[in-house]
Amino acid sequence: SLFSTVDDKAEVREYFNNEGFNRWNKIYSDSDEVNKVQLDIRDGHAQTIQKILNWVEADGDISGKTVCDCGCGVGSLAIPLAQMGAKVSASDISDAMATEAASRAKAMGIDNAKFYTSDLESVTGKYNTVTCVDVAIHYPTDKMAEMVGHLCSLAEDRVLISFAPKTWYYDLLKKIGELFPGPSKTTRAYLHEEAVVRNALEKAGFKVSREEMTGTSFYFSRLLEAKRV
Ligand code: SAM
């Protein structure tokens, strides 16, 4: 419908302020109150984060550079980037997530990162690096190109984006998953065609400079780094 995006967004916000917050806050921590599936997802996600940190480190000193992390969750990427000296501005559509990220950062004595509540479409400003990790799964297919374009408009140098790739295999897994949704209510999940993401990056004047794929049993994430040409 005409309002599907609005509904999607309201649903995502509601989920990540409530049961989604509890589920993901546990996954993105070292809590042992996780099941095998959640442990697998924690491991896959940690691999994606580490790959990004390795790239950032390989490019030299990030200290003093600005980073905008869209859909920051509990700060799994924003916090280590701040620890590397970046000036981090991180936001999440979920107030519970942004608040948790801020309190984790505060507990670690970090003062070069700010966290606030915002959907990524409303984020403004210019930053050296813009990151958006494992957020696009909540993003409707028909809005994906526009979303990538918006991330690029915020980035002076570099964009890092990850998404669940739409391949026949993952499409099948998703369909099987939908047949057996399990006990917890979750949100709709969207896989994205890599070509759509690449075309949007290119259209915005960016060129893919690095790529990775991380797949465990229950986690899969295609990661692209693109630099302004
Ligand atoms: N990027 C973080 C990380 O990698 O640790 C969190 C990933 S988590 C799977 C997805 C996050 O995206 C959630 O915290 C959710 O609230 C946020 N999110 C979903 N849709 C969003 C939107 N339209 N704008 C901003 N954040 C959004």
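Whatever comes next refers back to the structure up there.
Residues numbered from 1 in each chain as written. Predicted model: local features only at pLDDT ≥ 70, side-chain atom pairs only at ≥ 80, totals over all residues. Heavy atoms only, no water.

Draft legend 1. The overall build of the protein, seen in detail. Within the protein, the secondary structure is distributed over 8 helices and 7 strands. Taking 17 Å as the expected radius of gyration for a compact globule of 229 residues, we find that the protein reaches 17 Å, a close match to that expectation. A principal-axis box enclosing the C-alpha atoms of the protein has dimensions of 45 × 40 × 35 Å. Per-residue burial over the protein gives 47% buried out of 229 residues. For the protein, restricting intrachain contacts to residue pairs at least 6 apart in sequence, the fraction spanning at least 24 positions comes to 69%. Only carbon and sulfur atoms are counted for the fraction: they give 54% of the accessible area of the protein, which is about 11400 Å². Charged side chains in the protein number 27 positive and 33 negative. The centres of these two groups are separated by 2 Å. (Helix = DSSP H or I, 4+ residues; strand = E, 2+ residues; numbered from the N terminus. Rg over C-alpha atoms; globule rule 2.2 N^0.38 Å. Buried < 20%, exposed > 50% of the residue type's maximum accessible area, 1.4 Å probe, protein only. Contact = heavy atoms within 4.5 Å. Areas by Shrake-Rupley, 256 points an atom, 1.4 Å probe, with all protein chains shown as cover. Lys, Arg positive; Asp, Glu negative; His and termini not counted. Charge placed at Lys NZ, Arg CZ, Asp CG, Glu CD.)

Draft legend 2. Fine view of the site of the ligand. Near the ligand you find 21 residues, and of these His45, Gly71, Asp92, Leu120 and Val133 are the closest. One of the side-chain nitrogen or oxygen atoms of His45 is found 2.8 Å away from an oxygen atom of the ligand. Protein coverage of the free-state accessible area of the ligand, which is 600 Å², stands at 98%. By residue class, the composition of the shell around the ligand is 10 nonpolar, 7 polar and 4 charged. (Near = heavy atom within 4 Å. Polar contact = N/O pair within 3.5 Å; in protein donor to acceptor, adjacent residues only side chain to side chain. Nonpolar A, V, L, I, M, F, W, Y, C, P; charged D, E, K, R; others polar.)

Draft legend 3. Looking closely at the pairing of strand β4 (residues 127–132). Burial runs high along β4: 6 of the 6 residues are buried. Sheet topology places strand β1 (residues 66–70) next to β4; 3 bridges connect them, and they run parallel. Directly across from Cys68, in β4, lies its bridge partner Val130. Running through helix α6 (residues 144–154), the crossover from β4 to the neighbouring parallel element strand β5 (residues 155–163) is right-handed. (Pairing = 2+ DSSP bridges. Right-handed = clockwise from strand over helix to strand, strands pointing away.)

Draft legend 4. Seen up close, the pattern of salt bridges. Enumeration over the complete set of coordinates arrives at 17 salt bridges. Lys9 is the salt-bridge partner of Asp119, the closest N and O atoms lying 2.5 Å from each other. With a gap of 110 residues between them, Asp119 in the loop between β3 (113–117) and β4 and Lys9 in helix α1 (residues 4–17) connect regions that are remote in the sequence. Given a relative accessible area of 11%, Asp119 falls into the buried group. Here Glu194 ties to Arg198 by a salt bridge, and the two come within 2.8 Å at their closest N and O atoms. Taken as a pair, Glu194 and Arg198 lie in helix α8 (residues 194–203) at a separation of 4 residues, close to a single helical turn. Connected through salt bridges with shared partners, the residues Asp59, Arg158, Arg210, Glu225 and Lys227 form a single ionic network. (Salt bridge = Lys/Arg side-chain N within 4 Å of Asp/Glu carboxyl O.)

Draft legend 5. Spotlight on α6. Buried within α6 we find Met144, Met147, Val148, Leu151, Cys152 and Leu154. Angularly, the buried residues of α6 cover 160 degrees about the axis, an arc narrow enough to put them on a single face. For α6, the secondary structure elements touched by its buried residues are β1, β4, β5, α8, β6 (206–215) and β7 (220–228). (Arc of directions from axis to C-beta.)

Draft legend 6. Just unusual backbone geometry, in detail. Located in the positive-phi region is Asp134, a residue other than glycine, with phi close to 55 degrees. Relative to the assigned elements, Asp134 resides in the loop between β4 and α6. Taking relative accessible area as the criterion, Asp134 reaches 17% and is therefore assigned buried.

Honestly, that's just the spatial picture; any functional story needs more than this.
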